[in-house]
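One letter stands for each residue in the lines below.
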Amino acid sequence: MTSADSPFTSAAAWARRLTRLAPRTVSGPTSRVVIVGAGLGGLSAAMRLARTGREVIVLERESVPGGRCGRLSIDGYHFDTGPTVLTMPDLIADAFDSLGENMSDWLQLDPVSPLYRAFYADGSRLDIHADTDAMADEIATVIGPREAAGYRRYVDFVSQLYRYEMKDFIDRNIDSPLQLLTPDLARLVAMGGFRSLSAKVNEFLTDTRTQRVFSFQSMYAGLSPYDALAIYAVIAYMDSVAGVFFPRGGMHAVPTAMAAAAQKHGVTFRYNTTVESVEHRNGRATAVLTSDGERVECDTVVLNPDLPVAYRDLLGVQPWSVRRLTYSPSCFLLLAGSTAKYSQIAHHNIHFGHAWEKVFDDIIDSGKLMSDPSILVTNPTHSDRALAPDGKEIYYVLAPTPNMRAGIDWTREAPRYRDEIIRTLEQRGYVGFGDGIEVQDLTTPLTWQERGMEAGAPFASAHSFLQTGPFRPGNLWGENVVFVGSGTQPGVGVPMVLLSARGNRPLDCHNHAVSMRELRAAGITEPRLQAAYEVARTLNAEHGKTYYLATLLLPPAKRPFVHALYGFARYADEIVDNLSSDADVTERARVLDEFEAQFRARMTDDEPAHPVIEAMRHTMRRWHIPMTHVESFMHSMRMDTRITQYETYEDLHEYVYGSAAVIGLQMVPILGGTESRAFDAAMDLGIAFQLANFIRDVGEDLQRGRIYLPMSELRTHGVTRDVLEQRITTPAVKQALREQIARVRMLQQRAEHGIALLDRDSQPCIRAASVLYCGIVDAVEDIDYDVLNRRAVVSMQRRLRVAAAAWLRAIAARG
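Per chain, residue numbering runs from 1 following the sequence as it is written. Residues qualify for local features only when their pLDDT is at least 70, as the model is predicted, and side-chain atom pairs are given and counted only at 80 or more; totals for whole chains, interfaces and linings, by contrast, use all residues. Neither water nor hydrogens contribute to the side-chain values; these are computed over all heavy atoms in the structure.

Lay out empty space enclosed by the protein with the relevant residues and their values.
Throughout, the protein atoms alone are placed on a 1 Å grid, and a set of points is a cavity if a 1.4 Å probe fits but cannot get out or a pocket if it is open with protein on both sides within 12 Å along at least five of seven lines; lining residues have an atom within 4 Å of a point. Grid points are joined across faces, edges and corners, and a volume is the space filled by probe spheres set on the points. Taken as a whole, this structure holds five cavities of 30 Å³ or more when the rule is applied. When its volume is computed, the second largest cavity comes out at roughly 60 Å³. For the second largest cavity, the full set of lining residues is H78, F79, D80, T84, L335, P380, L387, I394, Y395 and Y396. Only runs of H or I of at least four residues qualify as helices and only runs of E of at least two qualify as strands under DSSP, and these elements are numbered from the N terminus. For the lining of the second largest cavity, the secondary-structure elements that each account for two or more residues are β4 (77–80) and β17 (393–401). Here the residues of the lining of the second largest cavity sort into seven nonpolar, two polar and one charged. In this classification, Asp, Glu, Lys and Arg are treated as charged, Ala, Val, Leu, Ile, Met, Phe, Trp, Tyr, Cys and Pro as nonpolar, and every other residue, Gly included, as polar.

Tell me what's going on with the pairing of strand β15 (residues 348–351), and back it up with residues and numbers.
Both faces of β15 are covered, namely the face carrying H348 and I350 and the face carrying N349 and H351. In the sheet, strand β6 (residues 116–119) pairs with β15 via three bridges, with the strands oriented parallel. Of the residues in β15, the one forming a bridge with A118 is I350. Any two strands with at least two DSSP bridges between them are considered paired. In the sheet, β15 pairs with strand β16 (residues 375–378) via four bridges, with the strands oriented antiparallel. Note on β16: the bridge partner recorded for N349 is V377. Note on classification: 1.4 Å probe, protein chains only; a residue is buried when its accessible area is under 20% of the maximum for its type, exposed when over 50%, partly exposed between these limits.

Break down the pattern of salt bridges for me, citing the residues and quoting the values.
Here, a salt bridge means any side-chain nitrogen of Lys or Arg that lies within 4 Å of a carboxyl oxygen of Asp or Glu. This structure, assessed with the given rule, holds 54 salt bridges. A salt bridge links K392 to E438, with the nearest nitrogen and oxygen atoms 3.1 Å apart. Of the two residues, K392 is situated in the loop between β16 and β17 and E438 in strand β18 (residues 437–443); the sequence distance between them amounts to 46 residues. In this structure, the salt-bridge partner of E594 is R590, at a minimum N-O distance of 3.5 Å. Taken together, the residues E594 and R590, both in helix α22 (residues 585–603) and four residues apart, mark about one turn of the helix. The exposure class assigned to R590 is partly exposed, which follows from its relative accessible area of 30%. Where salt bridges share partners, they join D593, E596, R600, E631 and R638 into one cluster.

Go over the environment of G523 with me, naming the residues and quoting the values.
Looking at the element boundaries, G523 is found in the loop between α18 (516–521) and α19 (527–543). A relative accessible area of 52% means that G523 is categorised as exposed. The spacing of G523 and A557 is 34 residues in sequence and 7.8 Å in space, taken between C-alpha atoms.

With reference to specific residues and values, describe the packing of aromatic side chains.
Pairing of aromatic rings covers Phe, Tyr and Trp, the last through its six-membered ring, and needs centres within 6.5 Å; plane angles under 30 degrees mean stacked, over 60 mean edge-to-face, and all others mean tilted. Taken as a whole, this structure holds 30 aromatic pairs when the rule is applied. On the basis of an interplanar angle of 35° and a centroid distance of 6.3 Å, the ring pair of Y154 and F157 is categorised as tilted. Taken together, the residues span about one helical turn, with Y154 and F157 both in helix α5 (residues 145–170) at a distance of three residues. The buried category is assigned to Y154, whose relative accessible area is 2%. Overall, the relative accessible area of 6% leaves F157 in the buried class.

Describe the packing of helix α30 (residues 731–755) against helix α31 (residues 763–782), naming the residues involved and giving the relevant values.
As a rule, the C-alpha atoms of each element are fitted with a line to give its axis, helices using only the stretch in contact, and angles between N-to-C directions run from 0 to 180 degrees. The N-to-C vectors of α30 and α31 enclose an angle of 170°; their axes lie 11 Å apart at closest approach. Comparing their axes, α31 and α30 come out roughly antiparallel. Where α30 approaches α31, its residues I741, V744, R745, Q748, E752 and I755 are matched on the opposing element by Q763, I766, R767, S770, V771, C774, V777, D778, V780 and E781. A breakdown of the residues in the contact of α30 with α31 according to their chemical character gives eight nonpolar, three polar and five charged. Each angle gets one of four labels, with under 35 degrees taken as roughly parallel, over 145 as roughly antiparallel, 65 to 115 as roughly perpendicular, and the rest as oblique. Every residue pair with non-hydrogen atoms within 4.5 Å of one another is taken to be in contact.

Here it is, written out as structure tokens:
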């Protein structure tokens with residue numbers, strides 16, 4: 001690396017690079033937007049962009065809009081090929097409102113009543129109504145008044161759930177866990193939103209029939225009711241309380257109307273155009289390349305294809321956040337045009353078998369077809385006779401199945417399973433169903449996969465907790481590639497897909513500044529200095545999510561300075577990590593020396609500096625932080641370039657003091673500590689945090705040729721480097737780890753008294769950080785110390801519970 005190549009020569013260039021790390025907003029020009037895919041997400045984005053003065057071009061491979069919400073016409077039968085249940089029509093109206101159009105001028109939506117008709121194996125049936133009184137009466141008649149009363153309480157619960165979730169968790173981008181910390185999170189925790197969905201439903205409903213009909217919706221999120229969190233009962237609110245609707249002309253009428261309205265307002269649609277790839281350079285998309293060789297230039301790209309497929313096939317990248325995903329179950333879909341008519345059914349019908357838990361065990365856990373199927377049958381001609389020839393009917397028969405990861409050969413299985421589903425229907429009252437079919441179309445998981453859905457999963461990646469909100473792949477990649485659809489935030493389902501392109505999504509936000517309230521509260525008003533603190537905050541947000549989560553508990557006036565400390569430390573650490581693996585010790589030391597020399601030079605003047613240096617300089621001066629702390633930190637960074645293991649705890653302590661303890665020492669004055677005991681406690685807690693990380697990361701560090709545990713202490717238990725490299729968690733390894741864990745807990749306990757010496761409004765943050773970081777060693781014990789082969793993770797439920805409780809304490813401290 002020459003001096004001209006140094007990462008410290010251009011503060012502006014590095015500021016731009018670091019700003020790009022924040023997955024929040026598009027940067028740079030956005031005058032010409034190319035949208036790939038005319039599904040509901042792409043159409044919603046097009047409508048919202050149409051009146052912003054931008055040029056908007058939509059490229060769609062099919063001959064019509066709709067994506068998964070497609071249309072198949074055979075011999076006068078008109079089938080919807082995707083979703084058939086439409087809820088939350090206000091979200092569609094909102095898209096038309098963004099154009100200044102009235103939805104009713106373009107689209108007619110009729111309420112479906114009953115919403116569903118549920119048929120049970122014991123011969124009973126239950127009509128589901130949106131009107132609470134009507135539904136309570138139905139339950140009282142079929143089951144009894146006590147169950148009806150429980151239903152009313154359940155409606156109150158899911159209605160509250162919806163109010164708390166919609167604004168803060170559904171209708172917004174959540175780029176980091178800290179953004180979950182709102183008053184509504186505490187309310188969700190208090191009302192049991194993070195308990196099991198099944199257990200929560202059962203608090204209100206005691207009859208298996210109502211329990212099933214108000215929890216089956218979790219399948220839309222890719223989870224069984226026994227695994228889903230209670231917050232997903234909001235899906236039940238969306239259809240069973242807010243209502244279900246059906247568009248005249250079928251579901252495909254929705255994208256048809258949206259595209260027509262967008263085209264009226266200047267959006268260009270190019271159908272029968274297949275996009276092969278997105279041309280990008282240094283994280284910025286410059287053009288979209290089509291299969292016929294055309295290069296369509298753009299300032300911004302909006303990708304509506306299934307997110308993992310868009311990453312792999314269009315962008316040519318596969319980030320870890322996408323590779324790690326697990327996927328929802330799939331489904332087998334039979335579209336049948338028929339002469340048969342059944343008077344006992346409604347528009348939407350759910351046929352439950354005897355089994356319930358086993359349905360989910362079969363599909364999700366065992367990866368096999370349902371042994372006792374539960375099936376959805378939709379009869380669109382019940383509401384719109386024009387969808388079929390006179391006197392004929394359309395049936396949309398959906399059976400949940402495992403996705404393609406289960407290894408079922410659908411080229412062989414499809415005909416057999418089609419016959420099995422027809423036999424099941426005929427046994428459940430659809431007499432002569434097979435004989436009545438005139439035309440049919442089968443969609444299997446293989447078909448969904450061939451249509452571009454990863455793992456053949458039309459419901460996208462499953463909504464497990466660690467694939468929801470900030471843990472679901474975000475809406476922005478690089479500087480200007482935006483994702484919409486079910487694979488990104490907020491998630492699966494027509495309402496969620498429409499929301500993925502609405503409101504404060506990446507393309508609608510252009511302000512990269514950190515919260516001005518924090519900066520003003522801290523007395524930071526100079527624009528250059530504000531920009532420097534923003535870079536430090538960005539580093540914190542991207543690389544220290546748990547740490548950043550804790551900083552939200554601090555008063556706004558203290559947060560920027562804590563971000564500066566972390567940003568400086570992280571940036572220096574990144575210098576070492578980003579050097580090529582074959583860079584020798586001398587080169588690594590030279591780069592670190594250059595960084596420290598620039599920092600020292602800027603500490604003695606007021607010349608412009610690299611953003612992390614500028615923010616650190618201001619913080620050190622403001623809080624009288626001694627230079628010796630920085631010197632100790634840089635010394636530890638140099639140790640990391642040449643030392644791969646430490647013989648004694650004293651040797652390791654030299655490294656840990658500079659890499660962790662001094663961070664705590666620097667924070668003490670910011671947090672209001674003045675007594676020497678507070679500084680001693682800060683050192684102990686910083687070392688405890690670092691040791692907890694070392695214990696968790698033994699396996700990962702070993703892959704990099706490093707061991708951060710004292711070798712002499714390991715050897716007292718018979719554990720050597722050779723033993724660790726065998727990757728077997730022997731009793732000796734476990735005992736050695738127990739000894740290290742005991743040290744972490746001793747240091748944490750010793751530090752506890754010092755937290756009480758900080759400002760009252762700083763204490764909740766540090767207590768939460770202490771619990772969360774040291775919870776790592778609890779997680780190590782939970783996996784039976786197998787850190788050689790697995791990564792111990794503090795559950796997100798625990799993180800949020802700790803954070804919510806700390807947030808309430810922080811509010812009380814500031815009040």
